[in-house]
Each structure stands twice: as structure tokens, then as C-alpha cells.
Amino acid sequence: MSRLIVVSNRVNPPSDTGVATAGGLAMALAAALRDNKGLWFGWSGQTVEQYTGQISMQVVGGVTVALLDLEAQDQNEYYNGYANRTLWPLFHYRPDLVSYERSFDEGYARVNTRFAETLLPLIGPDDVVWVQDYHLIPLARELRARGVKNRIGFFLHIPWPARRILNTLPHHDDLAQSLFSYDLVGFQTEDDVDAFSDYIVHDVHGVASPDGRLDAYGKSIRVKAFPIGIDAEDFAETLKSERATLFHRMMIKSQRGRKMLLGVDRLDYSKGLEERFNAFDTFLSNNPEMHEHLFLLQIATRSRDEVDAYQDLRNRLDNLSGKINGAYSTVDWVPLRYVNRPYRRDELAGIYRSADIGLVTPLRDGMNLVAKEYVAAQDPNNPGVLVLSQFAGAAEHMKEALIVNPLSREDLSEAIHRGLSMPLKERKRRWEGLYDDVKRNDVTRWRDAYVRELTAAVPAEVRTGELAET
Ligand code: GDG
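Residues numbered from 1 in each chain as written. Predicted model: local features only at pLDDT ≥ 70, side-chain atom pairs only at ≥ 80, totals over all residues. Heavy atoms only, no water.

(A) Quick look at helix H13 (residues 369-376). For H13, the tally of buried residues reaches seven of eight residues, placing the bulk of the element in the interior. Of the positions making up H13, those classed as buried are Val370, Ala371, Lys372, Glu373, Tyr374, Val375 and Ala376. At its buried positions, H13 is contacted by helix H8 (232-240), strand S11 (259-266), helix H12 (345-353), strand S14 (357-360), strand S15 (385-389) and helix H15 (424-440). For H13, the capping residue at the N-terminal end is Asn368, with a side-chain oxygen 2.9 Å from the backbone nitrogen of Val370. (Buried < 20%, exposed > 50% of the residue type's maximum accessible area, 1.4 Å probe, protein only. Helix = DSSP H or I, 4+ residues; strand = E, 2+ residues; numbered from the N terminus. Contact = heavy atoms within 4.5 Å. Polar contact = N/O pair within 3.5 Å; in protein donor to acceptor, adjacent residues only side chain to side chain.)

(B) Focus on the packing of helix H10 (residues 273-286) against helix H14 (residues 409-420). Closest axis-to-axis distance for the H10/H14 pair is 8 Å, and the angle between their directions is 65°. Here the hand of the crossing between H10 and H14 comes out right-handed. Seen from H10, the contacting residues are Glu275, Arg276, Asn278, Ala279, Thr282, Phe283 and Asn286; seen from H14, they are Arg409, Leu412, Ser413, Ile416, His417 and Leu420. When the residues that make up the contact of H10 with H14 are grouped by side-chain class, the tally is five nonpolar, five polar and three charged. (Axes fitted to C-alpha atoms, helices over the stretch in contact; angles between N-to-C directions. Left-handed = near helix turned anticlockwise from the far one by under 90°. Nonpolar A, V, L, I, M, F, W, Y, C, P; charged D, E, K, R; others polar.)

(C) Representation of the nonpolar core in the model. In this structure, Val7, Phe115, Phe196, Leu386 and Leu388 are the most contacted members of the largest nonpolar core, which totals 155 residues. Split by domain, the residues of this core number at least three in each of domain 1 (4-229 + 445-465) and domain 2 (232-440). What Leu386 contacts, discounting residues up to four positions off in sequence, is Gly358, Val360, Ala371, Tyr374, Val375, Met398, Ala401, Leu402 and Leu434. (Core = buried A, V, L, I, M, F, W, Y, C linked by side-chain atoms within 4.5 Å. Domains from an automatic or database assignment.)

(D) Summary view of the sheet that holds strand S6 (residues 151-155). Pairing is mixed across the open sheet formed by ten strands, whose spatial order is S3-S4-S2-S1-S5-S6-S7-S10-S9-S8. Edge positions in the sheet fall to strand S3 (55-60) and strand S8 (207-208), since each has one partner strand and no second. Bridging between strand S2 (residues 39-48) and strand S4 (residues 63-71) involves seven bridges; their strand directions are parallel. Pairing of Leu39 across the sheet is with Thr64, part of S4. With respect to the sheet, helix H16 (residues 443-456) is in contact with strand S1 (4-10), strand S5 (128-132), S6, strand S7 (184-187) and strand S10 (219-225), its orientation differing from that of S6 by roughly 145°. (Pairing = 2+ DSSP bridges.)

(E) A look at the domain arrangement of the chain. By domain assignment, the chain separates into domain 1 (4-229 + 445-465) and domain 2 (232-440). Using only C-alpha atoms to locate each centre, domain 1 and domain 2 end up separated by 31 Å. Counting residues at the interface gives 29 residues for domain 1 and 24 residues for domain 2. Regarding the contact of domain 1 and domain 2, the summed buried area is about 2,100 Å², with carbon and sulfur atoms giving 57% of it. Taken together, the elements giving at least two residues each to the side of domain 1 that touches domain 2 come down to helix H1 (24-35), helix H2 (72-91) and helix H7 (190-203). Looking at the side of domain 1 that touches domain 2 residue by residue, the class counts come to 13 nonpolar, eleven polar and five charged. (Buried area = accessible area lost by both parts, 1.4 Å probe.)

(F) Geometry of the environment of Leu363. Examined against the element boundaries, Leu363 turns out to sit in the loop between S14 and H13. In this structure Leu363 comes out as buried when scored by relative accessible area, which is 14%. Contact partners of Leu363, with chain neighbours within four places excluded, come to Tyr269, Ser270, Lys271, Gly272, Glu275, Phe391, Pro406 and Leu407.

(G) Here's a closer look at H7. End to end, H7 covers 19 Å across 14 residues, agreeing with the expected 20 Å (1.5 Å per residue, within 8%). Residues of H7 that are buried: Asp192, Val193, Ala195, Phe196, Ser197, Tyr199 and Ile200. Where H7 is buried, its residues contact helix H5 (163-166), helix H6 (172-178), S7, strand S9 (213-216) and S10. Following H7 by one or two positions, His205 adopts a phi angle in the positive range, close to 60°. (Expected span 1.5 Å × (residues − 1).)

(H) Looking closely at the site of the ligand. Inspection of the region around the ligand gives 21 residues, with His157, Tyr343, Asp365, Leu369 and Glu373 positioned closest. Between an oxygen atom of the ligand and a side-chain N or O atom of Lys271, the distance comes to 3.0 Å. Only S11, H12 and H13 provide two or more residues apiece to the shell around the ligand. When we break the shell around the ligand down by domain, the ones giving at least three residues each are domain 1 (4-229 + 445-465) and domain 2 (232-440). (Near = heavy atom within 4 Å.)

Below is the structure:
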């Protein structure tokens, strides 16, 4: 039987004791690896003085993981550099924040080579390799160059940008070409598939077939949208836990009858936090009668602190939250509770449940799992309202949410108003539609659909031969 090998930048299977902090994605991948006696390969997160290429094998929560240490220079050039200062802002439509540095390109190529060289001896003849996300786009090409004929798939968790945006990246053609070493390239949305096909057809003069094949660079690959979901069943269990119940009760008490708007995000410029705060300011300014009757709780856990753009954002949000609270607070009311510390998964579940409105308003997002978690946490008899950005991948399916343009303060402010005054009947109708989608399209379905498709893919060698003959 074939074994599944998952490769990602970081490896984080749920430990036997730490389930409360593990994300749904990690749990779903871990379950697949346990079922397939598979392997999870990636960077340990540690740096060493001198790279050795040694891996440490461990079993965490029943999953075999293989961890590689990198050098500090790798971390700077590959992770903080090309991945988070070049690709992340570019793929989230922020060319103004992109750094193009040759050393980043070199670091990215070097680490992908290191991953390939170290992974190579671990791959058995029937294994299926599944590479995750933008850190490792060229990995299949590196593996193929070393003779790997196995099926290799790639899944991009973030958006694929429009071709005019991608064109601003030096060597964009090389990056796109490297994706043609995979058998299957998965995206979050149909929009992303279209953006990639558009680039291949217009910039590379490739051919897109209606059945989802793309032919270019003398190769043929399968391209498809696999919208990711949450582990809905596990989330429902978490919601019933003692700690979730405790946090739910605690929040209700702390609300003192006030409505709560909730945002939960990594502190990242793609999440639209500044725009959300500004829209909340507009809401407060336009609706003085609502003062003291509601507040916004924004949980924004710090992320990528070593990157300047993130420090700048943190400073701007500190200022903005101070300004809003300074302008509107009373001795008995603070309109914005801005919290940077992380919470456990079960605690978050309880917090979600007590929120009257879930504000998920990224400027760009591959999918956004917070939108799905918020829906999954609601009381079916009295559900809250999801306000969702049109630019989140989740908006492609979650049509019953109040869909907004997060760049318009007025639009967002009005959506908040509409959500707060929505009758119970309409809230229930919208929530039922949303919850149905969250349950049906969960992370297990995402994973199974992807692995099934990859396992069924015609191996690269055979396809390339066919193309060459025609
Ligand atoms: C990338 C793509 C895509 C947040 N604060 C805490 C906490 N979280 C958890 C949430 C949620 C996860 O982090 C965030 O997921 P998102 O999907 O919103 O966003 P990214 O981290 O940017 O993820 C995204 C995703 O990959 C999957 O493909 O949807 O578009 O950008 O699960 O609950 N978890 C805990 N404490 C916190 O304080 N425990």
C-alpha cells in the first residue's frame, strides 16, 4: 500500500496532550498520516550554526515526523525573506510591501534543494508526496531532478495572484514553470484556478482544457480547486468541553447585556484589521445611540514579528485602538477590547459562541477558517451573524453571510448595523445555510478529495511521454 508523505515548512501534529492548541488542518493531516502510516517532513523551526542535513525522526501523537534544522541565514533569506517578504505580500495583492532581494531568491532555492536532498532517501517506490504551500513551490522540480518518479501534489493555502501582479515578480516564469513538475496543483478557489490558468494561457501560451488540465513547458498537469474546511466534528466536541463552556459563560457575564462584535486573526496586514477598526470608528460616529450597547473584541495574535511590515502594522493598530477608545470610552464602557495574547482552541470556541457578530474582513485571504469556526460555534436557536469580506476565499461558498467590501468604511459600518438589527428568523435561515456548508465541506473531505485525486493521477513520466508523442 502506498504511504502518504506530507511536506510543509513547519510540522505541527497535535501532541498527545496539546490537542487544545492544535489547528484543524494539523489534526486532519495527522489523521491521514496515522491512517496511511505516513510521514510528515519539514523544518524543525530550529537553527544551527552549520547545516548538516541530519534529520531527527520522532513520533508525535501517533504520527511519524522527520525534522530538519536550518541555518540562521536560511531562516532570514528563505523564511523571513522570500516566503514572507516577497511571496506572501505579492500573493496577497500588496506589491507595495514586497522586497525583491537576490539573496532571498538564493535562500529560497537553497532551502528547497536542502529539503529535496534530505527527503530523497525517505521516499519509497509507491509513496505519494503532498507538498503544502508557498514556501515549497520548487520542491517537486528539485525532487524530479534527483530521479523521483512518484506522484507529487502541491496545495497552495493562499491566493494565486492575477497575472499583472505576478508579472511584477522577477523570474515569475521560473516559479510558474516549477509547478509543472507536480502531478496535481490544488488551489483554494475557482478564482485562483482561473488566475493561474490565465497566466499560463496568456504569458506562457499554454493550453487550458475544460477537464482541468494545463499544458505548458512541454508538460501537462492537473489543476483544481479544493476549498479547505475545518474539522467540524472535532470543533463540535470542543465546543461541548468544560473549558469552552466556562469561557462562554465568562464572556456573557463580561458583556453585561451588551452586543459583542468579534474578530479573531493573526496580526497580519492581509486580515484588514486597520480597515476594520476604521469602519468601527465610522459606525460609532454614525450611530451615537448605540454607544454603550455594544463593543468590539479583537483578538489579534502576534505573528512574524521579525518582518518590518508586521511591526509597523502593530504600531499603527496600537495607535488606532488607543485613539478609538480615547474618543468614545466612558468611565463604564470601552468600545474596543484589543487583545494580542493567544487563546486555547477550546477557549476560543466559547468566545465565538457568545459573539453576536463575527467580523471576518480580510483584504485578501486564501480561504479563512475563522469564518467557518465562527459559524460552527453558534447556538442554532439564536445564531450570530457572519460579516464576511468579498475577498476571502470563503466568500465563494458562504453566500448566506453578509458579504462586504472591507475597503469601504461605510459598507462595513452598514453591515454591522444590519447584522445587529437582523430578525431571529433571518439569522436562523442564513446560519442554517452556512452551517450546512461548513459541515459538508469539512477538512476531512478536503483532504480525502485531494489525496484521491493525487493517487489517481497519471504519473508525470507517462504524461510527458504522451505529450512528446503528439
Ligand atoms: C492560511 C491562509 C487559509 C487564531 N488566533 C488563535 C488561533 N487562531 C486560529 C484560528 C484559525 C487559524 O488560527 C487561522 O486560520 P485562517 O484560515 O484564518 O488564516 P491563516 O493563519 O492566514 O492561514 C488562510 C488557511 O491557511 C488554511 O488553508 O484558510 O487563507 O492564509 O484556525 O482559530 N488559534 C488559537 N489561539 C488563538 O489565539 N488556538
